[in-house]
Amino acid sequence: MEAALRLRLLGLAPVVLMFLGCLGVDAVGDTAGTEVPNCGSDALVLGSEGAFTHETIDFEFEWGNDVGVSVGPMVTIAVPSDTSSIAATVEVRGEETGFALVALDDKTFIDAARPDETDGAWWSAPYYHWGGLGGTVVLPITPGTTPDGECLVLQPASLSDLEGRSGTLHLVSRRFDPGQGQVDLNIVIVGDTALYQEELDAALTRMDDVWTGDGGPRVGQVNLYSTQGSGFIRYNDSNELRATPIGVASGQAMNIFIIQDYSDEPGTLGEAGGIPGPVGLFEMDGAGVIVAVDGHIWGNDLDTQTMGETLAHEVGHQMGLFHTTEDDGSRTESLQDTPACPASADDGDGYFSAEECSEYDGGNFMFWVAGNLAQDQLSESQAMVLSRSPITQ
Amino acid sequence: MLLLLLACSGAQSVDGPELEALAAATPVTELPAKPEDGDPLISDNVPVAVSSSPVRDLLLAKDVADLPDRAALDTHPDAAKDLADLATVDPQLIVRERALMLLALYPDAHIGVFCRKMLEDAEPKVRAGAVRCLAGQDLSSSKTQRQAIEMALLDADPRVGIAAAEVLSGAGLSQDKLKQAATATGVHAQTQERITELLEQ
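The paragraphs below set out a description of the structure included in this document. It should be emphasised that the depicted structure is a prediction, and the values quoted were computed from it without experimental measurement.

Reading guide: rules and limits
Residues numbered from 1 in each chain as written. Chains lettered and ligands numbered in written order. Predicted model: local features only at pLDDT ≥ 70, side-chain atom pairs only at ≥ 80, totals over all residues. Heavy atoms only, no water. 1 Å grid on protein atoms, 1.4 Å probe; cavity = no way out; pocket = protein on both sides within 12 Å on 5 of 7 lines; lining within 4 Å. Points joined across faces, edges and corners; volume = space filled by probe spheres on them. Nonpolar A, V, L, I, M, F, W, Y, C, P; charged D, E, K, R; others polar. Axes fitted to C-alpha atoms, helices over the stretch in contact; angles between N-to-C directions. Helix = DSSP H or I, 4+ residues; strand = E, 2+ residues; numbered from the N terminus. Parallel < 35°, antiparallel > 145°, perpendicular 65-115°, else oblique. Left-handed = near helix turned anticlockwise from the far one by under 90°. Contact = heavy atoms within 4.5 Å. Salt bridge = Lys/Arg side-chain N within 4 Å of Asp/Glu carboxyl O. Buried < 20%, exposed > 50% of the residue type's maximum accessible area, 1.4 Å probe, protein only. Pairing = 2+ DSSP bridges. Buried area = accessible area lost by both parts, 1.4 Å probe. Polar contact = N/O pair within 3.5 Å; in protein donor to acceptor, adjacent residues only side chain to side chain. Disulfide = S-S within 2.5 Å.

### Points about empty space enclosed by the protein
Point 1. If you walk through the whole model with that rule in mind, you get five cavities of 30 Å³ or more.
Point 2. By volume, the second largest cavity is sized at about 50 Å³.
Point 3. Residues that form the lining of the second largest cavity fall into these classes: five nonpolar, four polar and one charged.

The following block contains the structure:
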């Protein structure tokens with residue numbers, strides 16, 4: 001690893017440290033995977049003791065022939081032992097980004113150079129990582145990805161040919177353990193969306209009940225914001241909405257945008273900015289969850305119970321949780337203690353409903369479909385992922 | 001129940017100011033308090049006839065991309081009838097909308113007539129679903145249905161207007177009507193934006 005690629009973070013965030021031009025990329029990709037460098041004495045030291053920290057590194061992309069994506073430099077980061085969680089996001093406005101490599105000591109979690117369908121390859125366990133707007137990884141996403149190592153190696157990537165273009169690597173970390181903790185919310189009421197205070201309160205109470213019932217974090221402080229204009233948004237404007245300037249003092253909160261409805265994406269309840277999406281960040285691609293009020297109308301009222309479960313579910317995605325069972329019974333979730341629905345539960349239509357899976361994970365808040373039963377169960381590992389998120393405090 | 005709903009319905013719409021450039025969000029201390037309830041348009045209870053339908057269970061997907069396909073629906077007897085019942089009487093608005101969307105998987109004259117009638121529903125979300133239902137019908141041979149969708153272009157709710165534009169454009173029909181609506185007064189700005197996109201494709 002070239003010394004020039006090892007950057008030292010100099011202060012609290014957001015701090016743009018330096019611009020890296022035309023850096024070489026080491027050892028990307030034979031079929032055995034990428035050779036992972038070690039942290040030297042001059043590796044970046046992550047975060048600040050006892051604090052939530054957001055640090056940034058600007059870099060330049062080059063085309064990675066071996067992996068077929070644009071790549072940035074490998075960045076080596078010394079992870080202090082008191083680090084409880086890390087979120088890393090690659091920002092190139094309007095472009096799908098992600099990571100070609102994520103490794104912690106001798107454990108490689110993501111390596112775009114690995115053959116398809118092997119652990120660590122893109123869209124394989126444990127991260128099932130793929131490019132997205134504001135491509136993000138979070139540690140931990142499973143007990144096995146807990147940041148208990150000493151050297152984290154990240155290599156930003158993009159699905160687009162961005163050779164010569166600059167990008168920003170955001171590092172969000174938390175170097176204290178809040179225990180079960182709480183998650184503060186930045187809630188933005190978009191335009192003329194009709195939502196009453198009692199309805200919002202009831203939905204957030206339900207979200208809190210879902211999360212805390214089995215040991216997840218509480219819903220913390222709620223910061224309310226509003227924007228001008230229409231409550232209807234085009235789906236293609238979702239990203240622009242997530243980039244809305246909020247002007248918050250701290251990124252240590254989850255951004256939730258409440259719209260009346262999508263005007264061109266029928267049947268939508270809500271949508272996360274990724275699995276995981278950017279956390280601890282705002283005013284950028286993918287940085288928040290969007291929930292549609294009209295998707296939760298029951299009779300003449302807002303179904304605040306379902307809306308609360310949608311909030312818990314979509315924020316769960318944003319913080320790194322997958323569906324416990326997908327619609328066809330397959331699994332893209334790596335948490336061993338989360339129950340899964342067996343094939344025998346299906347009634348023959350190939351879709352696993354909550355009722356069919358009620359003895360297993362049909363009542364889990366991350367099940368793929370709502371049902372006529374409460375979905376307020378969390379596995380111990382799901383609660384851990386939520387409580388260990390950098391934004392939990 | 002269907003007749004009752006149709007009697008109560010009308011071409012109501014929701015005013016939709018055009019999407020403006022997203023400005024900075026500003027802090028607010030509290031949202032408005034909820035006014036007293038009006039008379040419900042439909043019962044708050046799921047009618048017994050559809051509450052136990054396995055088809056209904058599949059309409060509750062948290063992600064719209066996970067809605068069932070025709071093969072899955074075909075494993076359930078009377079799935080199309082269940083969808084029509086759900087579209088008519090279910091108290092959950094999104095179930096009604098999704099049921100109509102899935103009825104597009106059933107090219108059938110009777111379903112075409114049903115969906116055209118649902119274009120008169122008071123709920124814009126249901127009207128939008130009804131337009132998308134008609135996408136599954138043979139629009140080139142049904143002037144009545146095609147005209148109904150053309151009228152939906154003018155709906156003040158962008159969900160209905162955009163659905164109409166996408167259905168007509170997808171079928172390669174009514175280009176002249178699309179061009180007129182792209183600049184007509186009273187058509188929602190988001191609908192016009194979408195029509196312009198479709199015409200440029």
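More follows now that the structure is in view.
### Section: the packing of helix 7 (residues 109-118) of chain B against helix 9 (residues 143-152) of chain B
Two numbers describe a pair of packed helices, the interaxial angle and the distance between the axes.
All names here are of chain B.
Point 1. Where helix 7 meets helix 9, the axes come as close as 11 Å, and the angle between the chain directions of the two elements is 30°. Here helix 7 lies roughly parallel to helix 9, going by the angle between them. Once helix 7 is placed against helix 9, the crossing between them reads as left-handed. On helix 9, the residues that touch Gly112, Val113 and Arg116 of helix 7 are Thr144, Gln145 and Ala148.
Point 2. Its residues assigned to classes, the contact of helix 7 with helix 9 shows two nonpolar, three polar and one charged.

### A short note on the pattern of salt bridges
Point 1. Evaluated as defined, the whole model comprises 27 salt bridges over all chains.
Point 2. With a closest N to O distance of 3.7 Å, Asp376 of chain A and Arg206 of chain A form a salt bridge. Placement of the pair is Asp376 of chain A in the loop between helix 3 (304-318) and helix 4 (380-387) and Arg206 of chain A in helix 1 (residues 197-213), with a sequence separation of 170 residues.
Point 3. The shortest N-O distance in the salt bridge between Arg132 of chain B and Glu166 of chain B comes to 3.0 Å. With Arg132 of chain B in helix 8 (residues 124-134) and Glu166 of chain B in helix 10 (residues 158-171), this pair connects stretches of sequence that are 34 residues apart.
Point 4. A residue is classified by how much of its surface remains accessible, and Arg132 of chain B, at 14% relative accessible area, is buried.
Point 5. If you follow the salt bridges from partner to partner, you end up with Arg234 and Asp264 of chain A together with Arg132, Glu166, Glu193, Arg194 and Glu197 of chain B in one network.

### Some points on the pairing of strand 12 (residues 151-158) of chain A
Residue and element names in this part refer to chain A.
Point 1. For strand 12, the tally of buried residues reaches eight of eight residues, placing the bulk of the element in the interior.
Point 2. Taking every second residue as pointing to the same face, both faces of strand 12 are buried, with Cys151, Val153, Gln155 and Ala157 on one and Leu152, Leu154, Pro156 and Ser158 on the other.
Point 3. Looking at chain direction, strand 5 (residues 69-71) and strand 12 are connected through two bridges and run antiparallel. Counterpart to Val71 in the pairing with strand 12 is Ala157.
Point 4. Strand direction decides the pairing type here: strand 6 (residues 75-78) and strand 12, joined by four bridges, are antiparallel. Paired with Thr76 across the two strands is Val153, which belongs to strand 12.
Point 5. As defined by bridge partners, strand 8 (residues 96-104) adjoins strand 12 across seven bridges and the pair is classed as antiparallel. Each bridged residue has a counterpart across the sheet, and for Thr97 the counterpart in strand 12 is Ser158.

### Things to note about the sheet that holds strand 1 (residues 26-27) of chain B
Strand pairing within a sheet occurs via backbone hydrogen bonds; the two strands may be parallel or antiparallel.
Point 1. One open sheet accounts for six strands, arranged 19(A)-20(A)-17(A)-14(A)-15(A)-1(B); its pairing is mixed. The sheet is open, and its two borders are formed by strand 19 (270-271) of chain A together with strand 1 of chain B, each paired with just one other strand.
Point 2. Two strands pair when backbone bridges link them, and strand 14 (residues 182-189) of chain A and strand 15 (residues 218-226) of chain A are joined in this way by seven bridges, in the parallel orientation. Considered in strand 15 of chain A, the bridge of Asn186 of chain A is made with Asn223 of chain A.

### Focus: the interface of chain A and chain B
Point 1. Opposite the 61 residues of chain A that make contact, chain B presents 63 residues.
Point 2. In total, about 5,100 Å² of surface goes out of reach between chain A and chain B, with carbon and sulfur atoms giving 54% of it.
Point 3. Its largest share of buried area at the contact with chain B, chain A owes to Phe232, Arg234 and Trp298 of chain A, together 14% of the area lost on that side.
Point 4. Taking the shortest distance from any N to any O, the salt bridge between Asp301 of chain A and Lys34 of chain B comes out at 3.2 Å.
Point 5. Counting across the interface, chain A meets chain B through 27 residue pairs in polar contact (both at pLDDT 80 or more).
Point 6. Elements represented by at least two residues in the side of chain A that touches chain B include exactly strand 14, helix 1, strand 15, strand 16 (232-233), helix 2 (238-242), strand 18 (261-262), strand 21 (297-298) and helix 3 of chain A.

### As for the state of the cysteines
Point 1. Tallying each qualifying case throughout the model produces three disulfides over all chains.
Point 2. Linked covalently through their sulfurs, Cys39 of chain A and Cys151 of chain A form a disulfide whose S-S length is 2.0 Å. Note on the Cys39 of chain A and Cys151 of chain A pair: the S-S dihedral is about 85°, so by sign convention the disulfide is right-handed. Taken together, the residues Cys39 of chain A in the loop between strand 1 (16-19) and strand 2 (44-45) and Cys151 of chain A in strand 12 connect sequence positions 112 residues apart.
Point 3. Among the residues examined, Cys39 of chain A registers a relative accessible area of 24% and is labelled partly exposed.
Point 4. On the basis of relative accessibility, which here comes to 9%, the residue Cys151 of chain A falls in the buried class.
Point 5. One disulfide in the model links Cys115 of chain B with Cys133 of chain B; its S-S distance is 1.9 Å.

Worth remembering: the numbers are spatial, not functional.
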